[in-house]
Amino acid sequence: MPLDLNKDNFQSAIEDNDIVILDFWAPWCGPCKSFAPVFEKVATENPDIAFAKINTEEEQELGAMFAIRSIPTLMIFREQIAVFSQPGALPEGSLNELIGKVKELDMDEVRSQIAEMEKQEAEKSEG
């Protein structure tokens, strides 16, 4: 069963799990309600991954922190790095395929790409 995250337990969820899949949703959102059973089914099939839901009505700070403008939005963290963020509900097959790709990521390569981008940004701001 997916965790319910709030600003108090968000950081520890990201830090304590290798992969965290977040579903930003709201109670009034029709597509969110239709995506919920898919999210829960895939969560059950992947016990090695932390699945979590963030109610954007109650957790407006978290929604703002990630500039969530449309729901549902799916965000995936791997080793505390956001590696995926996309609005819209995914069909079960696509979500499973995405999980497979996230598991295959070479996180050393991802970190070196981030470091390179940060270096380029620093050089731009100096120039």
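This text goes with the structure placed above it.
Residues numbered from 1 in each chain as written. Predicted model: local features only at pLDDT ≥ 70, side-chain atom pairs only at ≥ 80, totals over all residues. Heavy atoms only, no water.

> Which residues make up the pairing of strand β2 (residues 19–25), and what values do they have?
For β2, a buried count of 7 out of 7 residues is recorded, marking the element as mostly surrounded by other parts of the structure. Burial along β2 is two-sided: Ile19, Ile21, Asp23 and Trp25 and Val20, Leu22 and Phe24, pointing in opposite directions, are all buried. Where β2 and strand β3 (residues 50–55) come together, 6 bridges link them in parallel fashion. Each residue of the ladder has a partner; that of Trp25, found in β3, is Asn55. In terms of handedness, the path from β2 via helix α2 (residues 30–45) over to β3 forms a crossover that is right-handed. (Buried < 20%, exposed > 50% of the residue type's maximum accessible area, 1.4 Å probe, protein only. Helix = DSSP H or I, 4+ residues; strand = E, 2+ residues; numbered from the N terminus. Pairing = 2+ DSSP bridges. Right-handed = clockwise from strand over helix to strand, strands pointing away.)

> Would you mind going over the packing of aromatic side chains in detail, with residue names and values included?
According to the stated counting rule, one finds 6 aromatic pairs in the structure shown. Their ring planes at 55 degrees and their centres at 5.5 Å tell us that Phe10 and Phe66 sit as a pair that is tilted. Linking Phe10 in helix α1 (residues 10–16) with Phe66 in the loop between α3 (60–65) and β4 (73–78), this pair joins segments that are 56 residues apart in sequence. Cluster of aromatic residues (ring-pair linked, three or more members): Phe10, Phe24, Phe66 and Phe77. (Phe/Tyr/Trp six-rings, centres within 6.5 Å; stacked < 30°, edge-to-face > 60°.)

> Hey, could you go over the side chain of Asn55 for me, with residue numbers and the actual values?
Tracing the sequence through the fold places Asn55 in strand β3. Relative accessible area serves as the criterion here: at 8%, Asn55 is assigned to the buried category. Here Glu57 takes part through its backbone nitrogen, which lies 2.9 Å from a polar atom of the side chain of Asn55. Excluding residues within four positions of it along the chain, Asn55 makes contact with Trp25, Ala26 and Pro27. (Polar contact = N/O pair within 3.5 Å; in protein donor to acceptor, adjacent residues only side chain to side chain. Contact = heavy atoms within 4.5 Å.)

> Give a detailed account of the sheet that holds β4, specifying residues and quantitative values.
With mixed pairing, 5 strands are arranged side by side in an open sheet as β1-β3-β2-β4-β5. At either margin of the open sheet sits one strand with a lone partner, and together these are β1 (3–4) and β5 (81–87). Looking at chain direction, β1 and β3 are connected through 2 bridges and run parallel. Bridge pairing links Leu3 to Ala52 in β3. On top of the sheet, α2 reaches β2, β3 and β4; it is set at about 160 degrees to β3, its chief contact. (Axes fitted to C-alpha atoms, helices over the stretch in contact; angles between N-to-C directions.)

> Talk me through the state of the cysteines; I want residue IDs and the actual numbers.
Under the criterion given, the structure shown has 1 disulfide. Note on cysteine connectivity: Cys29 is disulfide-linked to Cys32, with sulfurs 2.3 Å apart. Torsion about the S-S bond of the Cys29 and Cys32 cystine: about 80 degrees, corresponding to right-handed handedness. Take Cys29 and Cys32: they sit in the same class, and that class is buried. (Disulfide = S-S within 2.5 Å.)

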